[in-house]
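Fold and contact review
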Amino acid sequence: MTHLHPTSDPLQGLSEREVVARRASGQGNDIPIQTSRTYSDILRDNLFTFINWLYFFISLLLIALGRASDVIVLAFVVLLNVIINLIQEVRAKKKLDKIALLTRPHATVIRDGQERVIDPREIVVGDVLVVGPGDQIVVDGSVVGDGEMKVDESLLTGESDLIPKQAGNPVYSGSFCVSGKAYYEAEQVGLDSVANKMTAAARKFQKSITPLQRSINLLFRLLLGVAIFLGLVVLLRVILGISSVTRGVQDVAVIVGLVPSGLYLMITLAYAFGAVRIAQQSALVQQANAVESLSNVDVMCLDKTGTLTANRINLQTVYPIGIDTAQLEALLGDYAASTSASNKTNDAIAHALPGQQRPLRTEIPFSSAYKWSALTFADELQPSLIQNSKFSTFILGAPEILATAMPLTEAIQAQIQTGADRGLRVLLFAASPTTSIPMDVTGNPVLPTDLIPLGVLYFGDELRSDAQATLEQFRQAGIQVKVISGDNPATVAALAKQAGLSNDILAISGQDLAQMSDSEFTQMAEDGTIFGRITPEQKARLVQSLQSRGRYVAMMGDGVNDVLSLKQANVGIAMESGSQATRGVADIVLLKDSFSALPKTFLEGQRIRNGISDISKLFLVRIFSFILVMIAIGLTSIVLPFTIKTSTIVVFLTVGIPPFFVTLWAKPGKRSYTAGNPLLHFVLPAAFTLAFVSILVYLYFLANHIGPVLAWFRGQITLQELNQVIKPEDVRSAQKFAETAMTTIQVFAGLLLLPFLKPPTPAWVGGEPLSRDWRYSVLAALGILAYLIILSNSWLRSFFELLPLDFMHYLGIGLVAILWALALRLTWRHSLIDRFFGIQISPFDHSK
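The paragraphs below set out a description of the structure included in this document.

What counts as what
- Counting restarts for each chain, with residues numbered from 1 along the sequence as it is written.
- Note on the predicted model: pLDDT of at least 70 is required for a residue's local features to be given, and 80 or more for side-chain atom pairs to be given and counted; whole-chain, interface and lining totals, by contrast, use all residues.
- No hydrogens and no water enter the side-chain calculation; it runs on all heavy atoms of the structure.
- Helix and strand assignments follow DSSP, with helices taken as H or I runs no shorter than four residues and strands as E runs no shorter than two, numbered in order from the N terminus.
- Only protein chains enter the accessibility calculation, which uses a 1.4 Å probe; a residue whose area is less than 20% of its type maximum is buried, one above 50% is exposed, and one in between is partly exposed.
- Any two residues whose heavy atoms approach within 4.5 Å are treated as being in contact.
- Note on areas: Shrake-Rupley with a 1.4 Å probe; residue coverage comes only from the protein chains shown.
- For two strands to count as paired, DSSP must find a minimum of two bridges between them.
- Note on method: axes are straight lines fitted to C-alpha atoms, helices fitted across the in-contact stretch only, with angles between N-to-C directions ranging 0 to 180 degrees.
- Basic side-chain nitrogens of Lys or Arg form a salt bridge, by our definition, when they fall within 4 Å of a carboxyl oxygen of Asp or Glu.
- Any two rings among Phe, Tyr and Trp, with Trp reduced to its six-membered ring, count as a pair given centres within 6.5 Å; such a pair is stacked if its planes are under 30 degrees apart, edge-to-face if over 60, and tilted if neither.
- Take the far helix as the reference: if the near one is turned anticlockwise from it by less than a right angle, the crossing is left-handed, and if turned clockwise, right-handed.
- Under the scheme applied here, ten amino acids are nonpolar (Ala, Val, Leu, Ile, Met, Phe, Trp, Tyr, Cys and Pro), four are charged (Asp, Glu, Lys and Arg), and all others, including Gly, are polar.
- Within this analysis, the arc is defined by the directions that extend from the helix axis to the C-beta atoms.
- Note on angle classes: values under 35 degrees are labelled roughly parallel, values over 145 roughly antiparallel, values of 65 to 115 roughly perpendicular, and the remainder oblique.
- Only buried residues count toward a nonpolar core, which is a set of Ala, Val, Leu, Ile, Met, Phe, Trp, Tyr and Cys residues joined through side-chain atoms within 4.5 Å.

Secondary structure assignment for the protein chain yields 32 helices and 22 strands. By the burial criterion, 53% of the 848 residues in the protein chain qualify as buried. Here the contacts in the protein chain between residues at least 6 apart in sequence split such that 72% fall between residues at least 24 apart. Approximately 37,300 Å² of the protein chain is accessible, and the part contributed by carbon and sulfur atoms is 59%.

Take the environment of Q286 next. Structurally, Q286 can be placed in the loop between strand 9 (283-285) and helix 10 (290-294). The exposure class assigned to Q286 is buried, which follows from its relative accessible area of 3%. In the structure, Q286 is positioned 11 residues away from A275 in sequence and 9.1 Å away in space, judged by C-alpha atoms.

With that settled, the discussion passes to the sheet that holds strand 10 (residues 299-302). Overall, mixed pairing links the eight strands, which are arranged 9-22-21-20-10-17-19-18 in an open sheet. With partners counted over all chains shown, the strands left at the sheet margins are strand 9 and strand 18 (507-509), one partner each. On average, each strand axis in the sheet is inclined to that of its neighbour by 20°, with strand direction left out of account. For strand 20 (residues 553-557) and strand 21 (residues 571-575), the ladder comprises four bridges, and the chain directions are parallel. Note that in strand 21 the partner of M556 across the bridge is I573. Along the sheet, helix 22 (residues 597-632) contacts strand 9, strand 10, strand 20, strand 21 and strand 22 (588-590); its crossing angle with strand 10, the most-contacted strand, is approximately 150°.

The next subject is the pattern of salt bridges. In the structure shown here, the tally under the stated rule is 13 salt bridges. The shortest N-O distance in the salt bridge between R551 and D298 comes to 3.5 Å. Linking R551 in the loop between helix 19 (536-548) and strand 20 with D298 in the loop between helix 10 and strand 10, this pair joins segments that are 253 residues apart in sequence. Assessed through its relative accessible area of 21%, D298 is described here as partly exposed. Across the pair K758 and D614 runs a salt bridge, and its minimum N-O distance is 3.1 Å. With a gap of 144 residues between them, K758 in the loop between helix 28 (728-757) and helix 29 (775-792) and D614 in helix 22 connect regions that are remote in the sequence.

Now for unusual backbone geometry. Of note, D112 is a non-glycine position whose phi angle comes to about 55°, a positive value. Examined against the element boundaries, D112 turns out to sit in the loop between strand 2 (107-111) and strand 3 (114-118). Its identity as a non-glycine residue notwithstanding, S831 has a phi of 50°, on the positive side. With respect to the helices and strands, the residue S831 is situated in the loop between helix 31 (807-829) and helix 32 (832-837). For S831, a relative accessible area of 18% puts it in the buried group.

Attention shifts here to the packing of aromatic side chains. Under the defined criterion, the tally for this structure stands at 14 aromatic pairs. Their ring planes at 55° and their centres at 5.7 Å tell us that F377 and F394 sit as a pair that is tilted. In this pair, F377 is assigned in strand 13 (residues 372-377) and F394 in strand 14 (residues 393-397), connecting sequence segments 17 residues apart. Comparing F377 with F394, the two get one shared label, buried.

Right, let's talk about the packing of helix 22 against helix 25 (residues 678-704) for a bit. Where helix 22 contacts helix 25, the two axes come as close as 8 Å, and the packing angle between them is 40°. Handedness of the helix 22/helix 25 crossing: right-handed. Here K617, L620, V621, F624, S625, L628, V629 and A632 of helix 22 come into contact with helix 25, specifically with P678, L679, F682, V683, A686, A687, F688, L690, A691, S694 and I695. Counted by class, the contact of helix 22 with helix 25 contains 16 nonpolar, two polar and one charged residues.

Within strand 5 (residues 140-152), 10 of the 13 residues are buried, leaving the element largely enclosed by the surrounding structure. Summarising the sheet, strand 5 and strand 7 (residues 170-171) pair through two bridges and their orientation is antiparallel. The residue of strand 7 that forms the bridge with G141 is V171.

What follows is about helix 2 (residues 39-47). Those residues of helix 2 lying buried are D41, I42, D45 and N46. Buried residues in helix 2, looked at end-on, bunch into an arc of 120°, giving them a common side.

Attention now moves to the packing of helix 18 (residues 518-527) against helix 19. Two quantities define a packed helix pair, namely the angle between the helix axes and the distance between the axes. The N-to-C vectors of helix 18 and helix 19 enclose an angle of 85°; their axes lie 9 Å apart at closest approach. The angle between helix 18 and helix 19 falls in the class roughly perpendicular. Together, D518, F521, T522, A525 and E526 of helix 18 and Q538, R541, L542, S545, L546 and S548 of helix 19 make up the contact between the two elements.

The residue P678 is located in helix 25 in this model. Classification of P678 as buried rests on a relative accessible area of 19%. Here the alpha-carbon distance between P678 and G767, two residues 89 residues apart in the chain, equals 8.0 Å.

Time to look at the side chain of T529. Among the structural elements, T529 can be located in the loop between helix 18 and strand 19 (530-532). For T529, the residues in contact, after removing those within four places along its chain, are V481, K482, V483, L501, I505 and L506.

Sheet faces and side chains relate simply in a regular strand, where the side chains alternate between the two faces. Of the two faces of strand 10, the one holding V299 and C301 and the one holding M300 and L302 are both buried throughout. With four bridges joining them, strand 10 and strand 17 (residues 480-484) adopt parallel strand pairing. Its bridge partner lying in strand 17, M300 is registered against V481. Bridge analysis of strand 10 against strand 20 gives four bridges, and the strand direction is parallel. Bridge pairing links V299 to V553 in strand 20.

Next up on the list: the nonpolar core. Ranked by internal contacts, the top residues of the largest apolar core, which has 110 residues, are M300, F474, M556, I573, L598, L753 and W820. Filtering out sequence-adjacent residues up to four positions away, F474 remains in contact with M300, I479, V481, F595, L598, P599 and F602. L315, L360, L427 and A431 belong to the second-largest nonpolar core, a separate cluster that totals 24 residues.

Shown next, in the form of structure tokens:
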């Protein structure tokens, strides 16, 4: 058997002295391999955040006010948040580092005429490296010697076609040798290599925030502004002598409590719970907020290879010409089994049609230069295979090339076109009685002129078994799928249809996009479904164009060519088998390349968003009602209506313990509202009515415990006489009773919000739709029971600075809480806030 490209003598390579000299002159490949974020990056990203700076500022104020004990609480919240995030993200880093270590390539170089396996960092410019099937090309260079190989550059270009390489052809780091064997000389190493240049812009890890986090940060800023305003008012009262310094310090500490540190902690716990659940679905979360960010995604961009397909092709069917199907399949099986230069096409034939390996006289490996391969068998062909014919040479190649050497009937041409229209890869199988392949003057093989067509072969990319079900889940979730690939758009479109995408998809090529104006490009990014022959820069621009139209984009990729688009996307998702650079910049890494895990991560994102949305409502009602009460009572009287301890018990029972369970019990699902604002619909009526009721209860108990005030109300004494008979100690005592009463109504009403948040029966429906979940009602009952235990225990009551009230007073406050709940439900159901302000904030139609 003869080969077209015989192996030449081994190359000598560099000497050790030359290697040392070149490394000393800076020509080495000794750049650090960064598999993921560094520990210092993770610590910095989690420690120096806006929220942490805010709490640091508040802590300085508290220390200046002599409230160092309160700083411990804030420090606990901040440290717990940092520790939870660090544990999650360090765990992700270790997992990625382990993956990188297992997939880290080695290099075989020739030095002093001997092959040697070394670490890629030891390579220098001028080294001669050896690559065979499965080896990764680790630096840029050019092929030297007489070897020839097929290279997969899909991680760099996105195109799945194998590229033939021979002497003088360039090779690039990040590509792989699929078949053949060759030598190449290192020319561009370190930061100068193509792969490193492509990822240079993406090396810096960006800490992005989600829309929900932006809203929470804005809320914190607004509340900080309110707290500063109220604090300045308190300071002014102290300066004017209206309030004592001690009381002023206490009031400022209460005002600082308006900044909801508990909400911050609950968000962190929600992210932690989500990361644990996602890990069970074979997905690794690198950014704590990535899972919640998925809940906002409305466009999912993915590549064909590794997502829709399993990076394998299969032989779908054959069309015999002039022979029986069994005869054609037997010939193809022997052809594939006898080929020494394996490739994806031969592998697909061998898998579908097992044959017998036969001795060869001549073999012409496939090359993209002539787009065909040939075998000449050395033994006699069985007469039963092709009757009345004696063929020994068989050729497999592109139909348009083989057609130049033999006529094709209209029927054969129609069969070829049908396969192409379906997006299949079509090859033609032919035979010749010649026993040798002619060569031209340049040494390249030439097709025999006596070819006879034997059959048409149809190949298709093998779809992932879970692709169709996964895309259907995306559709049900309202997520639009766009496929961005380096392959032919027609081929990708056909595969997408097989995977379940609609038949009215719009396919566009990168060449066409390159001719468009900016506005046309952006419109096509919105309208198109399939994008083929796309460059890495075009991928990132497509994502950016979608974002400019208000879309929230997730990008999924596995190659170096996907790095820029992953960075640009709102959520970057990488495969475990993808490139090291891709895994490093992704927000989420799919372990075991589990494409089917994606819909589950979207559901988990919805669960986190729904949980945070629910606890935000509880916190906002408490905060806004506190602010209104402070403004209405505190700024018009001597003291604020809360102390540090009374506000602590309200916060602990209403927005301390309950949010933890609300986060834990949250359910996935999109809450689609055609109009209104569900957050304001819940918060505004609850906050306004709760503040109004709290003020009434406070004023009633204040007046009830200052006898002369009631006499003034009845007209029994004048205002001047009232000022003469009221004693300061009477006022202070009355304020303490009023404060206890208002604390009680705040606790009762705050806990009654829980069944309104998740109505167990239609009677509770008003602010939220019916859930039939009784756990929230049970939690509210347990909270009220806990508060009653505090009231009944003299030590606990004294610790929280609460005074004992009469049984009838407690009963009356409970009745007021029930009446408040009925009034609140009425306000929600009749959209009274909407009518008052003349705008629609209610997302529900309660008229049905």
